[in-house]
Amino acid sequence: MSGTPVIGVLALQGDVREHLIALAAADAVARPVRRPEELAEIDGLVVPGGESTTISKLAVLFGVMEPLRARVQAGMPVYGTCAGMIMLADKILDPRSGQETVGGIDMIVRRNAFGRQNESFEAAVDIAGIEGGPVEGVFIRAPWVESVGARAEVLAEHEGHIVAVRQGNALATSFHPELTGDHRVHALFVDMVHENRNPGAL
């Protein structure tokens, strides 16, 4: 298989448009995904920031939660930012009632760990595997990772807290790189999708 990968953005809630723009800038075909049949047509998926409880409930309502779990377990590349990081965690500290996750990364995540909306901030973050200096991280009601299991790799920390993690084909960041115009994190994810479609080609 070759050619441009098709990468979806879970378009139930959150900053979908910004991810679509960032993925296109990183040379992927980007499209919104809301339904199981759309999920079946993509090579990888971004789970955007937003409100993790709302995204979880809408994913169940739209019938995409179970097929998404199945595809992630089968190895489909997936990237979650902020609320998307929470969605990819195997465990959440103090989850809201009825909140479910897709899972895929052996990590425990704390919701809103960096504070409320008015405590949002930007910070330079050095990410393992990304060249060219630090990435500007936009933290908005951001989670952090309390701990990771043996299979998960910590890619970045901020003030002693884990803010970027990778496990196999799953990538997660606490922050929003799609809001900065710097598409290096999305390019990393597009490379992961390429590698999954063409093992050993990169």
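Anyway, here's the lowdown on the structure attached to this text. (Residues numbered from 1 in each chain as written. Predicted model: local features only at pLDDT ≥ 70, side-chain atom pairs only at ≥ 80, totals over all residues. Heavy atoms only, no water.)

**Some words on the overall build of the protein chain**
Summing up its helical and strand segments, the protein chain has 6 helices and 12 strands in all. When burial is assessed residue by residue, the protein chain has 51% of its 202 residues classed as buried. Considering only contacts within the protein chain whose residues lie at least 6 apart along the sequence, 65% involve residues at least 24 apart. Per element, the accessible surface of the protein chain, about 8700 Å² overall, is 48% carbon and sulfur. The averaged location of the 26 negative side-chain charges in the protein chain is 7 Å from the averaged location of its 17 positive side-chain charges. (Helix = DSSP H or I, 4+ residues; strand = E, 2+ residues; numbered from the N terminus. Buried < 20%, exposed > 50% of the residue type's maximum accessible area, 1.4 Å probe, protein only. Contact = heavy atoms within 4.5 Å. Areas by Shrake-Rupley, 256 points an atom, 1.4 Å probe, with all protein chains shown as cover. Lys, Arg positive; Asp, Glu negative; His and termini not counted. Charge placed at Lys NZ, Arg CZ, Asp CG, Glu CD.)

**Observations concerning the pairing of strand 1 (residues 6-10)**
Of all 5 residues in strand 1, 5 are buried; the element is thus mostly enclosed. Where strand 1 lies against strand 3 (residues 44-47), 3 bridges are found, and the strand directions are parallel. Bridged to Gly-8 within strand 3 is Leu-45. (Pairing = 2+ DSSP bridges.)

**Things to note about the layout of surface pockets**
As a volume, the largest pocket reaches approximately 180 Å³. For the lining of the largest pocket, the residue count by class is 4 nonpolar, 5 polar and 3 charged. (1 Å grid on protein atoms, 1.4 Å probe; cavity = no way out; pocket = protein on both sides within 12 Å on 5 of 7 lines; lining within 4 Å. Points joined across faces, edges and corners; volume = space filled by probe spheres on them. Nonpolar A, V, L, I, M, F, W, Y, C, P; charged D, E, K, R; others polar.)

**Quick notes on the pattern of salt bridges**
In the structure shown here, the tally under the stated rule is 8 salt bridges. Here Glu-51 makes a salt bridge to Arg-111, at a shortest N to O gap of 4.0 Å. With a gap of 60 residues between them, Glu-51 in the loop between strand 3 and helix 3 (52-61) and Arg-111 in the loop between strand 6 (105-110) and strand 7 (121-125) connect regions that are remote in the sequence. The salt bridge partner of Arg-69 is Glu-66, with a shortest N-O separation of 2.6 Å. (Salt bridge = Lys/Arg side-chain N within 4 Å of Asp/Glu carboxyl O.)

**Details of helix 1 (residues 16-25)**
When helix 1 is considered as a whole, its buried residues turn out to be Val-16, His-19, Ala-22 and Leu-23. Mapping the buried residues of helix 1 onto a view down its axis gives an arc of 130°, with all of them on the same face. Where helix 1 is buried, its residues touch strand 1, strand 2 (29-33), strand 3, strand 4 (78-81) and helix 6 (184-197). Note on helix 1: the residue one or two positions beyond its end, Asp-27, has a positive phi of about 70°. (Arc of directions from axis to C-beta.)

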